[in-house]
Amino acid sequence: MSHIRVRFAPSPTGVLHIGSVRTALFNWLFARHNNGKFLLRIEDTDKLRSTEENTKSIFEILKWLEIDWDEEPVIQSNNIERHKAVAEDLVKQGKAYYCYCSPEELAAKKEEALKAGKSYKYDGKCRGCSEKIAGKNPVIRLKADNVGRTTVDDLVQGEVTIENSQMDDLVLLRSDETPTYMLSVVVDDHDMGVTHVIRGDDHLTNTFRQIQIYRACNWDIPRFGHIPLIYGPDGAKLSKRHGAASAQDYKMLGYLPEAISNYLLRLGWSHGDDEVITRTQAIEWFDFDNVGRSPSRFDMAKLQNLNAHYMRERDNKSLLEYMKPFLQSELDAEQERCILAGMDSLKERAKTILELVDAVQIYMGAPGRYDDTCLKYATPQHLKLLDEVIAIVNSMKSLNEQALCDKVKELAKNHGIKLVEIAQAIRGALCGKLISPSVFEIIAILGKERTLDRLRAYIKHYQN
RNA sequence: GUCUCCUUCGUCUAGGGGUCUAGGACACCGCCCUUUCACGGCGACAACACGGGUUCAAAUCCCGUAGGAGACGCCA
C-alpha cells in the first residue's frame, strides 16, 4: 500500500467548472495509479456563497463521472476552531503577530504605492505586536521570511523559484476570527495527511505563501503539481459565454460521462498517439511526466467526436435508459420496442444524447409537420408512386426489410427512375424530414398499419 | 506595474541533438461506398512565434525579443 494521499477540494459556491473536474480526475487517476487515497474536502468557509445544493451537486457529478473518493469527505467549516488555534499558536511562538492596521489605512497605502508605480506589499508596521489589545479586533499576520529564495519542484511545472523578498505578511486570521483560505488549506492538508497537492495553475504563486505557513508550523511540505487551466476556443477563460462551462452543462447537453473523462484526460495529458482511452488504461498509464505545461483550449468538436464514439459503444438498452430523462414524455411498450429495434442505426447518426432524442422521434408518433424540404418529393408524380408503395406494403404478408427494398427497387426500375426519388418520398411521409435511417428499416419496425397511415397522411396533405 | 508560467498544423498533441522532406487525432476540403443523413474507407490542406548563440548536427540545449496566461485581497 502506498502512502500517497491526494485531495480534491472544491468550494461549493457554484456548480463544478469543467476545469475543476479535470483537476479531480487527475488527482483521482494519480491516486488510483499509485494505490493511494483520493480524498474529498468541501471548502465551505465562505458561508455567504456556499450552499447545500452546490455541495450535493458536486457529490453527484463526481459519482456520475465515476470518480469515487476514499474516507468521509472533510467539511472545512468544521475545522475553523482548529485553524484559529494554529494561528494563535503561531503568535505565541513569535512566528505571527496581531495587526491593527485598518482596511482603510491599508487601502490608502496600496493606492499610494500604485500611484508611485510600485508594487504594493504590507509594510510590516505591526510586526512587533504579540499582545492582544482589549476592545480591538486585529487580524493575525504571518511573519514572512523574506530573505533568500524558495524553490518548488513542481510535478508539472518543474523547478520554480522566487525571491522571498516578494513575500508579504499574509493574513492568517481575519478580524472576525475566521481563518483565511491560505491558513485553512495548509492546516487541513496537513491534518488530512495529504502528500501531493494537485490543483489548478492559478495556485502556483499561492504555493510559496503556503510553504511559509508549513515552515512556520514545522510541518512536512507536500509535493505540488499545478496543472494548466482550460480556456475557451478563443483563448479566454472558459465560461458560460462559450456555451457551457460546468460539468452539469455538458451532462444536460447530452454528453456521456465516459466521453467527458476521456476528453478531459487528453486535454493536457497524452500517451503517445492514443486517443480513445479506457478507465483501466488511464489508471495504468497516468503520470505527471506526460502532463503538458501549456494551457489548452476547449474544443467542442473533439468532445462531440469522442461522445459519438462512446454512444456507439454503449449497448442499446443502456442508451435507451440513459436518454429517458431527456424525453418529454414516458415511453409506452411499443415505442420502446421500436426505438430498441432501430437503435443500431439511430445511434450512429447522433453525436450527443440530445441528437439521439431528436432522431428517435420517428418512432414516437406520426410526423406533426413536414419539413419544407419534403416539397421536392411531393409532386403529383411522387404521390402517385407512393400509391404504388402502399399497394406493395399492402400486398406483403410480413414486412421484411430486404424484401421491401427489392420490391421498391423493382418499382423504380419499372418507372425508369432512380430509387432515391421513391425513397425520399417515403422518408418524407414517414419522418416528416429527409434525414433518417433506411426507410425500409423504418417500415419494418413500424409495421404495416402505421406505415400506411403515414403514407396516406402525406399524400392527403400534399394533394391540396 | 511587480513576480511566475507558457509558446509544434485552426484545435488537442507526438517529439527529449541526427531515424523530422516533423507523426497521430479532431475539424475543414475532395473522392469512394450509398435510398437521404450518418458510419466506414482513401486522399488533400495544414505547424516547430521571432532573433541570436552552443554543436559536425537543434523543433529538441542556452540567452534575448515578442505575444499569451496566472498571481499580487481580512475571496476561495
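This text goes with the structure placed above it.
Residues numbered from 1 in each chain as written. Chains lettered and ligands numbered in written order. Predicted model: local features only at pLDDT ≥ 70, side-chain atom pairs only at ≥ 80, totals over all residues. Heavy atoms only, no water.

The helix and strand tally for chain A stands at 18 helices and twelve strands. Relative to the 2.2 N^0.38 estimate, which gives 23 Å for 464 residues, the radius of gyration of chain A is 32 Å and therefore markedly larger than a compact globule would have. A principal-axis box enclosing the C-alpha atoms of chain A has dimensions of 100 × 50 × 40 Å. In chain A, once contacts between residues fewer than 6 apart in sequence are set aside, the share between residues at least 24 apart is 76%. (Helix = DSSP H or I, 4+ residues; strand = E, 2+ residues; numbered from the N terminus. Rg over C-alpha atoms; globule rule 2.2 N^0.38 Å. Contact = heavy atoms within 4.5 Å.)

We now examine the pattern of salt bridges. Two side chains bearing opposite charge may form a pair once their charged atoms approach each other closely. Enumeration over the complete set of coordinates arrives at 22 salt bridges. Between E275 and K302 there is a salt bridge; the shortest N-O distance is 3.4 Å. Of the two residues, E275 is situated in the loop between α8 (257-266) and α9 (279-285) and K302 in helix α10 (residues 300-313); the sequence distance between them amounts to 27 residues. Here K302 falls in the partly exposed class, since its relative accessible area comes to 37%. (Salt bridge = Lys/Arg side-chain N within 4 Å of Asp/Glu carboxyl O. Buried < 20%, exposed > 50% of the residue type's maximum accessible area, 1.4 Å probe, protein only.)

Now for the protein's contact with RNA strand B. Looking at RNA strand B, there are 63 residues lining it, with R174, Y231, E348, R427 and S436 nearest. Sugar and phosphate atoms form 69% of the subset of RNA strand B atoms that lie within 4 Å of the protein. The contact in question runs from a sugar or linking oxygen of RNA strand B to an N or O atom on the side chain of T205, over 2.7 Å. R293 has a polar side-chain atom sitting 2.8 Å from a phosphate oxygen of RNA strand B. (Near = heavy atom within 4 Å. Polar contact = N/O pair within 3.5 Å; in protein donor to acceptor, adjacent residues only side chain to side chain.)

Next up on the list: unusual backbone geometry. One non-glycine residue, E66, lies in positive phi territory at about 60 degrees. For E66, the location among the structural elements is in the loop between α2 (52-64) and β3 (74-75). The class of E66 is exposed, set by a relative accessible area of 59%. At N218, a residue that is not glycine, the phi angle is positive and equals roughly 65 degrees. Looking at where N218 falls in the secondary structure, it is placed in the loop between α6 (204-217) and β10 (223-227). Take N218: its relative accessible area is 65%, and that puts it in the exposed class.

Counting residues in each nonpolar core, the largest one holds 107 residues, and the members touching the most others are F298 and Y458. With sequence-adjacent residues up to four places away left out, Y458 is seen in contact with Y370, C374, Y377, A378, L383, L386, A425, G428 and A429. One finds L90, Y98, Y214 and C217 within the second-largest nonpolar core, a separate group that totals 32 residues. (Core = buried A, V, L, I, M, F, W, Y, C linked by side-chain atoms within 4.5 Å.)

A complete count under the given rule lists twelve aromatic pairs for this structure. The interplanar angle of 70 degrees and the centroid separation of 5.0 Å between the aromatic rings of Y263 and F298 together place this pair among those described as edge-to-face. With Y263 in helix α8 and F298 in the loop between β12 (296-297) and α10, the pair connects residues that are 35 residues apart, well separated along the chain. Overall, the relative accessible area of 4% leaves Y263 in the buried class. Judged by centre distance (6.2 Å) and plane angle (20 degrees), the rings of Y322 and F326 are stacked. One aromatic cluster in this structure is built from F26, F30, W269, F286 and F288. In this arrangement the basic side chain of R279 is found over the ring face of W28, its NZ or CZ atom lying 4.7 Å from the centre. (Phe/Tyr/Trp six-rings, centres within 6.5 Å; stacked < 30°, edge-to-face > 60°. Lys NZ or Arg CZ within 6 Å of the ring centre and 35° of its normal.)

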